[in-house]
Amino acid sequence: MLAHLRNISKLALPRRLVTQSASYSSSSSFLIDQPEYSFLKELGLERDNPGVYSGQWQGRGPSVTSYDPGTGRPIATVRQGNVQELEQTIGLAVEAYKQWRQVPAPVRGEIVRQIGDELRKYKEPLGKLVSLEVGKIYSEGQGEVQEFIDICDYAVGLSRIYSGQLINSERADHSILEAWRPLGVVGVISAYNFPNAVFGWNAAIALTTGNSVLWKGAPSTPLVSVATTKIVADVLRRNHLPPVVTLCQGGTDVGQTLVADKRVNLVSFTGSCQTGRDVGVEVQRRFGKVILELGGNNALIIDESANVKMALDAALFGCIGTSGQRCTTTRRIIVHEKLHDQFVKALVGKYKQLIPKIGHQLEAQTLVGPVHTQQNVENYKAAIAEAKSLGGAVAFGGNVIQRDGFYVEPTVITGLPHDASVVHRETFAPIVYILKAKNVDQAIEWNNEVEQGLSSAIFTENIGQAFKWIGAKGSDCGIVNINTTTNGAEIGGAFGGEKATGGGRESGSDAWKQYCKRATITVNHSGELACAQGVVFNVE
Ligand code: NAD
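If you're wondering where the values come from, they're calculated on a predicted model, not measured in any experiment.

Cut-offs and rules
- Positions within a chain are numbered from 1, following the residues in the order the chain's sequence is written.
- In view of the model being predicted, local features appear only for residues whose pLDDT reaches at least 70, and side-chain atom pairs are presented and counted only at 80 or more, with totals across whole chains, interfaces and linings using the full set of residues.
- As a rule here, side-chain values come from all non-hydrogen atoms in the structure, and water together with hydrogens is ignored.
- DSSP-based pairing: two strands are paired if at least 2 bridges between them are found.
- Secondary structure elements follow DSSP: runs of H or I no shorter than four residues count as helices, runs of E no shorter than two count as strands, and numbering proceeds from the N terminus.
- Comment: axis = line fitted to C-alpha atoms, over the contacting stretch for helices; angle = value between 0 and 180 degrees taken between N-to-C directions.
- Only heavy atoms enter the contact rule, under which two residues are in contact if any of them lie within 4.5 Å.
- Any residue with a heavy atom positioned within 4 Å of a molecule or strand is treated as near that molecule or strand.
- Polar contact is defined as a pair of N or O atoms within 3.5 Å, subject to the rule that within protein one atom must be able to donate a hydrogen and the other to accept it, and that residues adjacent in sequence are counted only when both atoms are side-chain atoms.
- The Shrake-Rupley method, run with a 1.4 Å probe, gives the accessible areas here. Residue values count only the displayed protein chains as cover.
- Residues are grouped as follows: Ala, Val, Leu, Ile, Met, Phe, Trp, Tyr, Cys and Pro are nonpolar; Asp, Glu, Lys and Arg are charged; every other residue, Gly included, is polar.
- Segmentation into domains, and thus their bounds, comes from an automatic or database assignment.
- UniProt positions are given in the numbering used here, feature names are shortened, and annotations may be inferred rather than shown by experiment.
- Here the buried area means the combined drop in accessible surface, using a 1.4 Å probe, for two parts upon being joined, counting both sides.
- The salt bridge criterion pairs a side-chain nitrogen of Lys or Arg with a carboxyl oxygen of Asp or Glu, the two atoms within 4 Å.
- Roughly parallel covers angles under 35 degrees, roughly antiparallel covers those over 145, roughly perpendicular covers 65 to 115, and oblique covers all other angles.
- Burial classes: relative accessible area under 20% of the type maximum marks a residue as buried, over 50% as exposed, and values in between as partly exposed (1.4 Å probe, protein chains only).
- A residue's pLDDT is the predictor's confidence in that residue, given on a scale from 0 to 100.
- Buried Ala, Val, Leu, Ile, Met, Phe, Trp, Tyr and Cys residues form a nonpolar core when they are joined through side-chain atoms within 4.5 Å.
- Comment: arc refers to directions from the helix axis out to C-beta atoms.
- Here, expected helix span is obtained from the residue count minus one, scaled by 1.5 Å.

Strands belonging to one sheet form pairs held by backbone hydrogen bonds; the direction of such a pair is parallel or antiparallel. A sheet is described by the order of its strands in space; here seven strands give the open sequence β15-β18-β19-β14-β13-β21-β22, paired in mixed fashion. Across the chains shown, the open sheet's two edge strands, defined by having one partner strand only, are β15 (393-396) and β22 (479-482). If you compare each strand with its neighbour and ignore which way they point, the axes differ by 25° on average. Summarising the sheet, strand β14 (residues 330-336) and strand β19 (residues 431-437) pair through five bridges and their orientation is parallel.

Below is the structure:
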């Protein structure tokens, strides 16, 4: 394998891209059998798909049907893995790691480059599948695959430059080195709302730093998991590599087994705070490493000096993008009291303009697609009922839209206390609570008083307020933006949040260090043994 990797060729499979847009017939059969959905077959998907990959495809666990949230119609089925298959897959991932760690990092980077290239070829159909299965609109599905491509580019560069350091020693003719080594098997458990990119952020960096990757995607987005793994597996096969990327689709039992298995050196978990807390405790119990990327309750602050036009646009995308189902979605807008009424009126005006743009996620004019499942609809209804019972006023929306699929009206609620229970909870739906604050200090206090600490943003033209916001007395979140949205991060920075968001960081900056173990190496080149701190300990 190593000899082969020294002569990596730039192979590419000439598979046709599908670019036609979908139209929808009324048949109740599986969408994959409809000619309009031929892009699914271009991705190698079939009516019934094995959901476990460990060099070969299999799946002996329960079968799940994947549904289009925009119509409620079945797309195709996936045979998930069972616990026994997961355990076998972990064993294979360990063996693959033992070979992969010997491959020079820049050569590993070359494999990641090929994965990025392959994703470029499949961006259109894969992005459409992301849209179809999650419910996010066409451009967001394409954007999600683009994030995976971007992190591959980042990782290729990283493969040639990530490094340790040489530290001064207090002892004469001694040197202290710091080196970063792979951990082993990185288990990735991902949420439904970013079924492709979350795997991509983890896999590109974990592979580059010498780990093998075992993925369990969300049970309701299994087709994205299978299609993405097929693309990656093709690159591995062409390069005669062992399965350094494996997949075991499954439910809670598979997730829990993965989390508890000591052979999985790092668990990178993306999901709700509730599940993430259990995962964190379980991994810590066995002294494994964990990256937790959990829920957010993100605030947008509008200072009295704000550029209101820009802030309104930020609020619109922040609150309604992905139908309110991003971890970084704007859930609270805290507006200076002088601007509050005019801001609410203008935002409601913008919401009204979106009504004709609510529709199926793959239709060209749609800006607001469905939410993912009936459970999201139920959570939406419960949050609105609670908000009303607590004295909130619905300034816009508040209703379930009666049509096939899972559609709700984007909703604006005013008049609630800043610390109302419903305001402090993350409801994964397009609901925003608008709060009226006296000044930026109070707004920062309210920003920080929730359990989660993922994303936050201020709109201000006042340099003093801006620097207060990013300083020690400012936002306590992992993402602290100025004059832009709370959502839609780029891959170059480290992504993640504090407090109940879990403290993990993924993607750019030095997040790669989390996928490594650090070795501190003291080298004595003096010819004599000397203890640190001047300790004398010898016998003649
Ligand atoms: P979820 O917690 O229900 O599920 C996430 C994953 O965990 C799924 O794959 C699920 O099968 C698995 N799982 C469930 N129980 C488990 C257990 N006991 N042990 C191991 N795995 C288990 O989350 P969801 O509804 O799919 O996603 C929405 C949530 O994810 C929101 O809270 C959102 O904010 C969060 N999220 C966070 C980020 C981030 O980067 N911070 C990104 C995306 C989503």
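What follows picks up the thread again.
What follows is about the sheet that holds strand β1 (residues 48-50). One open sheet accounts for three strands, arranged β1-β5-β4; its pairing is mixed. Single-partner strands in this sheet number two, and they are β1 and β4 (63-67). On average, each strand axis in the sheet is inclined to that of its neighbour by 30°, with strand direction left out of account. In this sheet, strand β5 (residues 74-79) lies alongside β4 in antiparallel orientation, the contact comprising five bridges. Within β5, the position partnered with Y67 by the bridge is P74. In this fold helix α7 (residues 222-238) packs onto β1, β4 and β5, with an angle of close to 65° to the strand it touches most, β5.

What follows deals with the site of the ligand. Near the ligand lie 28 residues; those nearest to it are S190, K216, S272, L294 and E426. Here L294 contributes a backbone N or O atom positioned 2.8 Å from a nitrogen atom of the ligand. A distance of 2.7 Å is found between an oxygen atom of the ligand and a side-chain nitrogen or oxygen belonging to E426. Against a free-state accessible area of 860 Å², the protein chains account for coverage of 87% of the ligand. Here the shell around the ligand takes four residues from helix α8 (residues 252-260), the largest share from any one element. Of the residues assigned to the shell around the ligand, the class counts are 13 nonpolar, twelve polar and three charged. Here the shell around the ligand spans two domains, since at least three of its residues come from each of domain 1 (46-294 + 506-518) and domain 2 (298-490).

With that settled, the discussion passes to the UniProt feature "domain: Aldehyde dehydrogenase" (unreviewed entry) in the protein. According to UniProt, the "domain: Aldehyde dehydrogenase" (unreviewed entry) feature falls on residues 63-520. Secondary structure content for residues 63-520 is 40% helix and 22% strand, while the C-alpha to C-alpha distance between its ends is 48 Å.

Another point: the domain arrangement of the protein. Domains assigned within the protein are domain 1 (46-294 + 506-518) and domain 2 (298-490). A separation of 31 Å is found between the C-alpha centroids of domain 1 and domain 2. Counting residues at the interface gives 22 residues for domain 1, matched by 24 residues for domain 2. Overall, the association of domain 1 and domain 2 removes approximately 1,800 Å² of surface from exposure, summing both partners, and the carbon and sulfur fraction of that is 57%. Area buried by domain 1 at its contact with domain 2 is led by I137, E140 and Y192, which between them contribute 28% of it. On the surface where domain 1 and domain 2 come into contact, there are one salt bridge. Between R326 and E140 there is a salt bridge; the shortest N-O distance is 3.3 Å. Among the secondary structure elements, those contributing two or more residues to the side of domain 1 that touches domain 2 are α4 (105-134) and α5 (138-161). At five residues, the largest contribution of residues to the side of domain 1 that touches domain 2 is made by α4.

Attention shifts here to the packing of α5 against helix α6 (residues 197-208). In a pair of packed helices, the angle between the axes and the distance between the axes together describe the arrangement. The N-to-C vectors of α5 and α6 enclose an angle of 10°; their axes lie 8 Å apart at closest approach. The angle between the axes of α5 and α6 places the two elements in the roughly parallel class. On α6, the residues that touch E144, E147, F148, I151, C152, Y154, A155, L158 and S159 of α5 are A197, F199, G200, W201, A204, I205 and T208. Here the contact of α5 with α6 is composed, by residue class, of eleven nonpolar, three polar and two charged.

Turning our attention to the pattern of salt bridges. With the rule as written, the count across this model stands at 25 salt bridges. As a salt-bridge pair, E386 and R425 come within 2.9 Å of each other at their nearest N and O atoms. Here E386 is found in helix α12 (residues 374-389), whereas its partner R425 is found in the loop between β18 (411-414) and β19, with 39 residues between them in sequence. A relative accessible area of 35% places R425 in the partly exposed class. We note a salt bridge from D476 to K499, for which the minimum N-O separation is 2.7 Å. One end of the pair, D476, is in the loop between α14 (463-470) and β22; the other, K499, is in strand β24 (residues 498-499), with 23 residues separating them in the sequence.

A separate point is the confidence of the model for the protein. Detailed reading of the predicted coordinates is not advisable wherever pLDDT is low. For the protein, per-residue confidence averages 95 on the pLDDT scale, and residues scoring 70 or more make up 95% of the total. For residues 1-27, every residue scores under 50 in pLDDT, and the model assigns this stretch 65 contacts once sequence neighbours within four places are set aside.

Now for the nonpolar core. If you look at the biggest cluster of nonpolar residues, it comprises 78 residues, and the most contacted ones within it are L40, L45, I115, L119 and L129. For this core, the element with the highest residue contribution is α4, accounting for twelve residues. Counting the residues that make up this core, at least three belong to each of domain 1 (46-294 + 506-518) and domain 2 (298-490). Leaving out residues up to four positions away in the same chain, L129 has contacts with F39, L40, L43, L45, L223, V224 and A227. Within the second largest apolar cluster, 29 residues are counted, among which are I302, A306, I320 and V432.

Every buried residue of α14 is accounted for by Q465, A466 and W469. For α14, the angular spread of the buried residues around the axis is 100°, confining them to a single face. Turned more than 90 degrees off the buried face of α14, the exposed positions are I463 and F467. Its buried side turned inward, α14 meets β13 (298-302), α13 (440-448), β21 (455-459) and β22. The distance from a side-chain oxygen at the start of α14 to the backbone nitrogen of G464 is 2.8 Å, and the residue carrying that oxygen is N462.

With that settled, the discussion passes to α7. In this model, α7 (17 residues) spans 24 Å end to end at C-alpha, consistent with the 24 Å of a helix rising 1.5 Å per residue. Across the 17 residues of α7, 15 count as buried, placing the element largely inside the fold. Residue H240 follows α7 closely and has a positive phi angle near 55°.

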